[in-house]
Amino acid sequence: MSEAKRLAGEKAIDYVEDGMVVGVGTGSTVAYFIDALGRIRDRIAGAVSSSEQSTARLRALGIEVLDANAAGPLKLYVDGADECDPHKRLIKGGGAALTREKIIAEASETFVCIVDPAKQVPVLGRFPLPVEVIPMARSLVARRILALTGGQPVWRDGVVTDNGNWILDVHNLAITDPVGMETELNQIPGVVSVGLFARRPADVVIVGGEPPLVL
Ligand code: 5RP
């Protein structure tokens, strides 16, 4: 499986242009992309990072990490996913970095998603949907999600996001209307962000393999 992740991560380098500030996601697939980026670090101007974890890896390879506010609009964002449907809509947040990932995806012209074949699904929802919540709203949000979707929210106990918040993982969903569900769950007070990337899906999906599949 990690071989497929490596092949996807390294293929994404094709989208990096000289002088770019590159948006960088989080996770084990992205780690391969960061390592490949390190090998061409003299060609890029720096990176905007979606997590402390990716920031540490980027800096260790000598890549400058820029503040998102200072960097402005980005041409390219590369990130992994927990699930990907045929319309390039995603579930993300398995690594608890969904909010910063969503901010960078929104700020980017092209979102290249790198996955191994196991992440491809016909309908999103087999992977529990991560929702980042303000800690004091955890119970309220869980009750609302249960009532609205029928899915079972489970607190990811012990995990604190880079933003100081908590994660609910919503089990047993069949997400037939990802844009509608993303919009609806975003409205619940206390929700910081929903791990559905449907309003702003990926533009390109690279499925790791020999050779990688570019969708
Ligand atoms: C982190 C994410 C990751 O992209 C997702 O969890 C996939 O991770 P991996 O590449 O390790 O399978 O959304 O919040």
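Since this is a predicted model, take the numbers as computed values, not measurements.

Looking now at the packing of helix α2 (residues 28–39) against helix α3 (residues 52–60). For the pair α2 and α3, the least separation of the axes is 9 Å and the interaxial angle reads 25°. The orientation of α2 relative to α3 falls into the category roughly parallel. Considering only the axes of α2 and α3, their crossing is right-handed. When α2 is examined against α3, the residues V30, A31, I34, D35 and L37 are found in contact with a partner set consisting of S54, R57 and L58. In the contact of α2 with α3, the residues fall into five nonpolar, one polar and two charged.

Side chains of I134, M136 and V192 sit close together on the surface and give an oily, nonpolar patch of about 300 Å² of accessible area. Considering the arrangement of structural elements, one finds V192 in strand β10 (residues 191–194). Accessibility expressed as a relative area gives 32% for V192, which makes it partly exposed.

If you trace the backbone, F197 turns up in strand β11 (residues 196–197). Spatially, the C-alpha atom of F197 lies 4.9 Å from that of L90, the residues being 107 residues apart in sequence. With residues near it in sequence (within four places) discarded, F197 still touches K88, R89, L90, K92, L98, E101, K102, A105, F111 and E182.

Using the criterion set out here, one finds two aromatic pairs in the structure. Here Y77 and F111 contribute two aromatic rings whose centre-to-centre distance is 5.1 Å and whose plane-to-plane angle is 45°, an arrangement assigned as tilted. Taken together, the residues span a long stretch of sequence, with Y77 in strand β3 (residues 74–79) and F111 in strand β6 (residues 108–115) at a distance of 34 residues. Note on accessibility: Y77 and F111 belong to one class, buried. The interplanar angle of 35° and the centroid separation of 4.8 Å between the aromatic rings of W155 and W166 together place this pair among those described as tilted.

Attention now goes to the site of the ligand. Among the 17 residues in the neighbourhood of the ligand, the closest are listed as S28, T29, D82, G93 and K119. K92 places a polar side-chain atom, nitrogen or oxygen, 2.9 Å from an oxygen atom of the ligand. The side chain of E101 places a nitrogen or oxygen atom 3.2 Å from an oxygen atom of the ligand. Within the complex, the protein chains bury 91% of what would otherwise be the 380 Å² of accessible surface of the ligand. Its residues assigned to classes, the shell around the ligand shows three nonpolar, eight polar and six charged.

This paragraph deals with the sheet that holds β6. An order of β2-β1-β3-β6-β12-β13 is seen for the six strands of this open sheet, with the pairing classed as mixed. Edge positions in the sheet fall to β2 (46–49) and β13 (213–214), since each has one partner strand and no second. Bridge analysis of β6 against strand β12 (residues 204–207) gives four bridges, and the strand direction is parallel. When the bridges of β12 are listed, V115 appears paired with V207. Relative to the sheet, helix α1 (residues 2–11) contacts β6, β12 and β13, its axis offset from that of β6 by approximately 160°.

Those residues carrying the UniProt feature "active site" (unreviewed entry) are E101 in this numbering. In this structure, E101 sits in helix α5 (residues 98–107). Excluding residues within four positions of it along the chain, E101 makes contact with T26, S50, Y77, D79, K92, G93 and F197.

So, how was this worked out
Residues numbered from 1 in each chain as written. Predicted model: local features only at pLDDT ≥ 70, side-chain atom pairs only at ≥ 80, totals over all residues. Heavy atoms only, no water. Axes fitted to C-alpha atoms, helices over the stretch in contact; angles between N-to-C directions. Helix = DSSP H or I, 4+ residues; strand = E, 2+ residues; numbered from the N terminus. Parallel < 35°, antiparallel > 145°, perpendicular 65-115°, else oblique. Left-handed = near helix turned anticlockwise from the far one by under 90°. Contact = heavy atoms within 4.5 Å. Nonpolar A, V, L, I, M, F, W, Y, C, P; charged D, E, K, R; others polar. Patch = residues over 30% accessible without salt bridge, like charges linked within 9 Å, V, L, I, M, F, W, Y side chains within 5 Å. Areas by Shrake-Rupley, 256 points an atom, 1.4 Å probe, with all protein chains shown as cover. Salt bridge = Lys/Arg side-chain N within 4 Å of Asp/Glu carboxyl O. Buried < 20%, exposed > 50% of the residue type's maximum accessible area, 1.4 Å probe, protein only. Phe/Tyr/Trp six-rings, centres within 6.5 Å; stacked < 30°, edge-to-face > 60°. Near = heavy atom within 4 Å. Polar contact = N/O pair within 3.5 Å; in protein donor to acceptor, adjacent residues only side chain to side chain. Pairing = 2+ DSSP bridges. UniProt positions renumbered as here; feature names shortened; annotations may be inferred.

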